[in-house]
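Tertiary structure, described
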Amino acid sequence: MISISKLISRENPSRILVCSVFVISIASLLAACSTPSTRGPAYRSGGSAPSSYTSSIASFRSVSWQDLPGWQEDDLTQAWPAWLKSCDALRKRNSEINWRQACAQASSVSGRDGRAIRQYFEGNFQAYEVRNSATGNESGLITGYYEPVMNGSQTRTATYSVPLYGLPAAWKTSKPNPAPPRAELMSSGVLRGSEIAWVQDPVAAAFMQIQGSGKIRLEDGRVLRLGYAGTNDQPFKSFAQWLLDRKEITRSEATMQGISAWAKRNPGRVEEMLNANPRFVFFKELPGNVSADLGPNGALGVPLTAERSIAIDLKAMPLGAPVFLSTTKPLSSQALQKLVMAQDTGKAIVGGVRADYYWGSGDSAGELAGRMKQDGKMWLLLPR
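Just so it is clear, the structure is predicted and the values come from calculations on it, not from any experiment. (Residues numbered from 1 in each chain as written. Predicted model: local features only at pLDDT ≥ 70, side-chain atom pairs only at ≥ 80, totals over all residues. Heavy atoms only, no water.)

1. With respect to the overall build of the protein chain
Where we set the bar: Secondary structure elements are defined from DSSP: runs of H or I of at least 4 residues count as helices, runs of E of at least 2 residues count as strands, and each element is numbered from the N terminus. What sets the accessible areas is the Shrake-Rupley method with a 1.4 Å probe; for residues, cover comes only from the shown protein chains.
Counting its regular elements, the protein chain contains eleven helices and 16 strands. Taken as a whole, the protein chain presents about 16,300 Å² of accessible surface, with 48% of it coming from carbon and sulfur.

2. Let's talk about the pattern of salt bridges
When the charged atoms of two side chains lie near each other, side chains of opposite charge can form a pair. Under the convention used in this document: A side-chain nitrogen of Lys or Arg and a carboxyl oxygen of Asp or Glu constitute a salt bridge if their distance falls within 4 Å. Throughout this description, buried means an accessible area under 20% of the type-specific maximum (1.4 Å probe, protein chains only), exposed means over 50%, and partly exposed covers the range between.
In this structure the tally under the stated criterion is 15 salt bridges. We note a salt bridge from D88 to R91, for which the minimum N-O separation is 3.5 Å. Of the residues examined, D88 reaches a relative accessible area of 42% and is grouped as partly exposed. Salt-bridge contacts for E129 lead to R131; the nearest nitrogen and oxygen are separated by 2.9 Å. In this structure E129 comes out as buried when scored by relative accessible area, which is 10%. We classify R131 as buried; its relative accessible area is 4%.

3. Focus on the side chain of Q126
Threshold: Pairing of N or O atoms within 3.5 Å defines a polar contact, subject to two protein rules: one partner must be a possible hydrogen donor and the other a possible acceptor, and residues neighboring in sequence count only if both atoms are side-chain atoms. Contacts were defined at the residue level, with two residues in contact if any of their heavy atoms lie within 4.5 Å.
Tracing the sequence through the fold places Q126 in strand β4 (residues 125–132). Given the relative accessible area of 16%, Q126 is considered buried. At 2.8 Å, the side chain of Q126 forms a polar contact with the backbone oxygen of V63. The residues contacting Q126, other than those within four sequence positions of it, are S62, V63, L380, L381, L382 and R384.

4. Observations concerning the sheet that holds strand β6 (residues 149–153)
For sheets, the rule is that strands pair by backbone hydrogen bonds, running either parallel or antiparallel. Quick reminder of the rule: DSSP bridges decide pairing: two strands pair if at least two such bridges lie between them. Helix axes are fitted only over the stretch in contact, all axes being lines through C-alpha atoms; the angle between N-to-C directions runs from 0 to 180 degrees.
Strand order in the open sheet made by the six strands is β7-β8-β6-β9-β10-β11, with mixed pairing throughout. Of all the strands in the sheet, the pair left with one neighbour each is β7 (162–165) and β11 (281–285). The average angle at which neighbouring strand axes cross in this sheet is 45 degrees, direction not considered. Of the strands in this sheet, β6, β7, β8 (195–199), β9 (214–218) and β11 are in contact with helix α7 (residues 202–211), which crosses β7 at around 15 degrees.

5. Structural notes on the pairing of strand β16 (residues 373–383)
When you tally the buried positions in β16, you get eight out of eleven residues, the bulk of the element. Pairing geometry for β4 and β16, over five bridges, is antiparallel. When the sheet's bridge partners are listed, E129 is paired in β16 with W379. Looking at chain direction, strand β5 (residues 140–147) and β16 are connected through four bridges and run antiparallel. Bridged to L141 within β16 is D375.

6. Points about α7
Along an α-helix, a turn takes 3.6 residues, which lines up residues three or four apart on a common side. Burial analysis of α7 places nine of its ten residues in the buried class, the great majority of the element. Where α7 starts, the residue carrying a side-chain oxygen 2.9 Å from the main-chain nitrogen of V203 turns out to be D201. In the stretch just after α7, G212 is the one whose phi turns positive, near 90 degrees.

7. Quick notes on the packing of aromatic side chains
To be explicit about the condition: Planes of paired rings set the category: under 30 degrees apart is stacked, over 60 is edge-to-face and the rest tilted, where pairs are Phe, Tyr or Trp rings (Trp by its six-membered ring) whose centres lie within 6.5 Å. By the criterion adopted, a ring carries a charge over it if an Arg CZ or a Lys NZ lies within 6 Å of its centre and within 35 degrees of its normal.
Taken as a whole, this structure holds 19 aromatic pairs when the rule is applied. Here the aromatic rings of W80 and F121 are separated by 6.0 Å at their centres, their planes lie at 85 degrees, and the arrangement is edge-to-face. With W80 in helix α3 (residues 80–90) and F121 in helix α5 (residues 114–124), the pair connects residues that are 41 residues apart, well separated along the chain. Looking at W80, the relative accessible area reads 4%, which means it is buried. F121 sits in the buried class, given a relative accessible area of 1%. Where Y145 meets Y358, the ring centres are 5.4 Å apart and the plane angle is 50 degrees; that geometry is what we call tilted. A residue pair is termed long-range when its members are at least 10 positions apart, and Y145 in strand β5 and Y358 in strand β15 (residues 354–361) qualify at 213 residues. Note on accessibility: Y145 and Y358 belong to one class, buried. Grouping aromatic residues by their ring pairs yields a cluster made of W65, W71, W80, W83, W99, Y120, F121, F125, F324 and W379. Taking NZ or CZ as reference, R118 lies 5.7 Å from the ring centre of W71, over its face.

8. Digging into the environment of T159
Counting through the fold element by element, T159 comes out in the loop between β6 and β7. C-alpha separation for the pair T159 and W198, spaced 39 residues apart in sequence, amounts to 9.1 Å. Other than its neighbours up to four places away in sequence, T159 contacts V199 and Q200.

9. Looking at the environment of E271
Looking at where E271 falls in the secondary structure, it is placed in helix α10 (residues 270–274). For the pair formed by E271 and A183, sequence separation is 88 residues and the distance between their alpha carbons is 8.5 Å. For E271, the side chain forms a polar contact with the side chain of R182, separated by 3.0 Å.

10. Details of the environment of Y228
Following the sequence through the fold, Y228 ends up in strand β10 (residues 223–231). Separated by 57 residues in sequence, Y228 and E285 place their C-alpha atoms 8.9 Å apart.

11. Remarks on the nonpolar core
Side chains of nonpolar character tend, in soluble globular proteins, to be buried together. For clarity, the threshold we go by: What is meant by a nonpolar core is a set of buried Ala, Val, Leu, Ile, Met, Phe, Trp, Tyr and Cys residues, joined one to another through side-chain atoms within 4.5 Å.
Counting 74 residues, the largest nonpolar core has W83, F121 and M378 as the members making the most contacts within it. By size, the runner-up hydrophobic cluster in this structure holds 13 residues, among which are M150, A205, L218 and L226.

12. With respect to the state of the cysteines
Cysteine pairs can be covalently joined through their sulfur atoms, and such a bond is termed a disulfide. Keep this limit in mind: Our working definition of a disulfide is a cysteine sulfur pair at a distance within 2.5 Å.
Taken as a whole and judged by the stated rule, the model has one disulfide. There is a disulfide in this structure between C87 and C103, and the S-S distance comes to 2.2 Å. Taking the sign of the torsion about the S-S bond as the criterion, the disulfide between C87 and C103, at about -85 degrees, is left-handed. Within this pair, whereas C87 is found in helix α3, its partner C103 is found in helix α4 (residues 99–106), the two being separated by 16 residues in sequence. For the pair C87 and C103, one class covers both residues: buried.

Bear in mind that shape data such as this cannot, by itself, settle questions of function.
See the structure below:
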């Protein structure tokens, strides 16, 4: 997310991305209401477990490729660039999993040949059904996140008067411990001079803080990319939850869109709402040679790919791994069954069967991310 499990839970520190862009899906509120397990903790699968990888919160059962719903229909040419990005990072990492051999084999595969890509994965990987160890349940929560894109300026104007801040210069050598909460920071003058961009909407700026990165379209046509630079180390508290507790919104309105609508109805109370979260995120300008078409870097250190990257719990599965995801699109029963790459993580992403699906950049992606809170299943792919 915004999934906006992050608006109700806490922001993603990696995208933070991203990001993750950030998520209001109130997943943490709904987690307790998720579909109960059809098998208890004593459930034991019949397939074999991977010999090269174990998890403290997830269990794995080997399955055939025919067991993956939608595997044959997925256009794997769309997933291939994301896998090559994973390989770029995995080759440089020490791991108990032999990624190097599988990645070396990828160099001989045409990224335009979907059949060859499918044969590559089926020949070099084993698919494992993922279950939550504590319950034996194979279903979990799938939320969404995105990278915000806003119009803005590098100088304050009548239109763009809401600042996005870099880390205060004084904090780079001596950061207060504890640092002041948001309300105190905003009124203290400590942030003066550390503005790196100005935008129009304070709520959209807060969503970008939750996501931890974003793009600013400048009036001269340039795109300013902002990445995560740090926080004031205060605990995250959800302003979505703050609104729910005061019955200002309903649970169905606890989305990015619903919170924005509340803010437009209550402009005089926006700062009060935002100050309910004492945590404050600082940005840094990313190098000018970073393509505006690329997604933000995830925890793996590679750019995320729209609709082919996910954030996962690192206790559940290895960063960078291919994962087959079966869920549904937001507010829909339409199947979403795709090969994705576990290229990101976040503190709100907790569980054996748990993923945050990266929808991409901009408003359309934000609309989808903000409404995504679906049941889903996952299959981890590991080299043979």
